[in-house]
Amino acid sequence: MLEISELQRDYITEILNISMGSAASVLSEMVSEEVALSVPEVDFLPRSIAAGKFDQSNVSKMSGVTQSISGAVYGDALLMFPEEKTLSIVRILLGETVPVESLTEMEQEAMCEIGNIILNAVVSSIADILKKEIMSSLPRFIHGTGNEVFSVESGNNDDLVMFLKVDFGLESQSINGYVTLILNVDSLQGFIAQLDEQINAI
Amino acid sequence: MLSDINNMEREVIAEHVPLSASLFGKVLDFSENGLFLVDSDRKIILWNEWMVQASSLGREEVIGTAFVDVFPNLKGRRIESVINAALDTRTASLLSRSLNKAIFPLYLSEVGGEKRHLEQSVTVKPIQSNGHDYCLIQITDVTPMVQREDVLRVLAKEAGEALQVAEEASRFKSEFTSTVSHELRTPLTSIRGSLGLIVSGVMGELRPEMARLVGIAYNNTERLLFLINDILDISKIESGKMDFVMEPVDLKTLLLQSVEANQAYGEQYEVKYVLNDVDDGVTVYADTDRLMQVLNNLLSNAAKFSSKGAEVEINVIPKDAVIRVEVKDYGNGIPEKFQSRIFEKFSQADGSDTRKIGGTGLGLSISKSIIEQMGGAIGFDTVAGKGATFYIDICLFNDA
């Protein structure tokens, strides 16, 4: 596990929260309703431990959105919620929808857009810290158990992932989701170095 | 799809250097999606045939013109900002139809010349080539998907309403049945009590003819009461109001009680109940009264369908986590054509049997519901002419 200092953690969290704030205002404007987004926790974990976190949480199925990322950081960025939470997010945001037990095609597409906005905000924060370019693909809807969803793309279980908890505030409820970002070791070291440089410059 | 076009582009370049612009243009024009390309000056530099048709804007009007001049109403809208993001930070975006109504002013020409607004889903993707940045905008017509989900919405609503009406009707039926049965039971009970006293001779000796008639009245009152009790059970089961008090039950004690309770009934048919070895201390998890009701039903059925002088055997067989209780008779067995509906309501093998044999035809249906609600199973084996074995599997009580 990668140890980062409190100061480093605070700095990342703050940068992430700034871009989450703008993602939230984009979403709020789109749905004419107050949407709040925040990142209360940031961790760096091996992929296998991160995957285990989902299966501990007594959630049978997860669903969410994934984008491939390339450039300074490679791999996948995933935004995941317990299945029924995804359903409530989409249904609260879209208002009246088809009352069936899973998301319809159009609802999945809407969820992809919501995920796209959030993941782009996370990716752009990381690119800002790294001062390097990160490109991301179009979003794709994913669905399955924690482990299935997590190993959607092949990868080494020892890869470190950046694991963020995301609070999705809607109407009177707050829904917890998770963003994971796969970082290769080189970019991770670059990331820490850049982080220190920026903190020292403050 | 977008990535296919990119791959295709690469392949064309690889095999036909230099790329034939007219060939590539034709490929784009055959696309079933709208495609246009914006350069880093925000000018449109590619506009496929689909876009020409849906926007009614020809290439000569669009190519080389700034995006916001072609679509002045989209200035400051989300689509403009995601195009900027694609060109400035190489970010790909998706604009869904549900969260962005009418992204571009695009229309479908319908038969008869009428134009209808096109439902769209839009993807915006950065492309780099020869050191230049471009943004590819792809529009998919999701009108059929929207129509399909509209139909689905109407159907789901109708189905919900129909279900509500059906549930109300069913609840009314159950309430009606249970109220009527209750109301019938009270006077019937007092009729049976009075007739019972007369039949027993406490009220004085009856003339033989009168005794026969009163006997008929008494027996039929009794039958009517059984029927009403069964109907009450069925309506409780159907409305989910049958309560179960689940507890550890000592199986041997219960079986002995059940055999004793049915002894007199068996004597009417000259049938003897034989309870084979049961281990002491076998404990099942069940509602005592309901389990007793099921056992009584099986024992009385076995007696009814046995020949005179025969035995009815009761066996207890342990099976992993459950225990099986078998009630075996040596009657005529169950006719094949009746086997599939034996657990249905009001079923007896021969409609005419009802009078000869007695009973309501509800007993096995009730037993099945009871056993299943207690987490067990019920079934039978039969050989024509040799008898039938009914069994119930009940959960063992697990102390741990």
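For clarity, every value in this text was computed on a predicted model and none was experimentally measured.

Let us look at the interface of chain B and chain A. Every contact between the two is made by 26 residues of chain B and, on the other side, 26 residues of chain A. Put simply, chain B and chain A have 3 salt bridges between them. Across the pair arginine 78 of chain B and glutamate 113 of chain A runs a salt bridge, and its minimum N-O distance is 2.7 Å. At the junction of chain B with chain A, the criterion picks out 13 residue pairs in polar contact (both at pLDDT 80 or more). Looking at the side of chain B that touches chain A, the element that brings in the most residues is helix α7 (residues 143-200) of chain B, giving 7 residues. Class assignment of the residues belonging to the side of chain B that touches chain A gives a composition of 10 nonpolar, 9 polar and 7 charged.

This next bit is on the sheet that holds strand β2 (residues 44-47) of chain B. Residues and elements named next belong to chain B. Spatially, 5 strands are ordered β2-β1-β7-β6-β3 in an open sheet, and the strand pairing comes out antiparallel. Two strands close off the open sheet at either side, each with one partner strand: β2 and β3 (93-95). Neighbour-to-neighbour, the strand axes of the sheet open up by a mean angle of 20°, direction not taken into account. Across 10 bridges, the pairing between strand β6 (residues 120-129) and strand β7 (residues 132-141) is antiparallel. Paired with valine 124 across the strands is isoleucine 137, a residue of β7.

The next subject is the pairing of β7 of chain B. Residues and elements named next belong to chain B. Across the 10 residues that make up β7, a large majority, 7, are buried. Bridge count between strand β1 (residues 34-39) and β7: 6 bridges; the pairing is antiparallel. Following the sheet pairing, glycine 34 is matched in β7 by isoleucine 139.

On to the packing of helix α3 (residues 83-94) of chain A against helix α4 (residues 105-130) of chain A. Residue and element names in this part refer to chain A. α4 packs onto α3 with a crossing angle of 95° between their chain directions and a minimal axis gap of 10 Å. Taken together, the axes of α3 and α4 lie roughly perpendicular to each other. In contact with Thr86, Ile89, Val90, Arg91, Leu93 and Leu94 of α3, α4 contributes Glu107, Ala110, Met111 and Ile114. For the contact of α3 with α4, a count of residues per class yields 7 nonpolar, 1 polar and 2 charged.

All names here are of chain B. Of all 11 residues in helix α13 (residues 363-373), 8 are buried; the element is thus mostly enclosed. Buried within α13 are the following residues: Gly363, Leu364, Ser365, Ile366, Ser367, Ser369, Ile370 and Ile371. In the core, the buried residues of α13 are packed alongside α8 (208-238), α10 (288-304), β13 (377-383) and β14 (387-395). Directly after α13, the chain includes glycine 375, whose backbone phi takes a positive value near 85°.

All names here are of chain B. Enumeration over the complete set of coordinates arrives at 15 aromatic pairs over all chains. Aromatic side chains phenylalanine 172 and phenylalanine 176 sit 6.3 Å apart centroid to centroid with 20° between the ring planes, which places their arrangement in the stacked category. Of this pair, phenylalanine 172 and phenylalanine 176 both sit in helix α7, 4 residues apart, roughly one helical turn. For the pair formed by phenylalanine 172 and phenylalanine 176, the shared burial category is exposed. Aromatic side chains tyrosine 265 and tyrosine 269 sit 5.4 Å apart centroid to centroid with 45° between the ring planes, which places their arrangement in the tilted category. Since its relative accessible area comes to 22%, tyrosine 269 is described here as partly exposed.

Scoring rules and cut-offs
- Residues numbered from 1 in each chain as written.
- Chains lettered and ligands numbered in written order.
- Predicted model: local features only at pLDDT ≥ 70, side-chain atom pairs only at ≥ 80, totals over all residues.
- Heavy atoms only, no water.
- Contact = heavy atoms within 4.5 Å.
- Salt bridge = Lys/Arg side-chain N within 4 Å of Asp/Glu carboxyl O.
- Polar contact = N/O pair within 3.5 Å; in protein donor to acceptor, adjacent residues only side chain to side chain.
- Helix = DSSP H or I, 4+ residues; strand = E, 2+ residues; numbered from the N terminus.
- Nonpolar A, V, L, I, M, F, W, Y, C, P; charged D, E, K, R; others polar.
- Pairing = 2+ DSSP bridges.
- Axes fitted to C-alpha atoms, helices over the stretch in contact; angles between N-to-C directions.
- Buried < 20%, exposed > 50% of the residue type's maximum accessible area, 1.4 Å probe, protein only.
- Parallel < 35°, antiparallel > 145°, perpendicular 65-115°, else oblique.
- Phe/Tyr/Trp six-rings, centres within 6.5 Å; stacked < 30°, edge-to-face > 60°.

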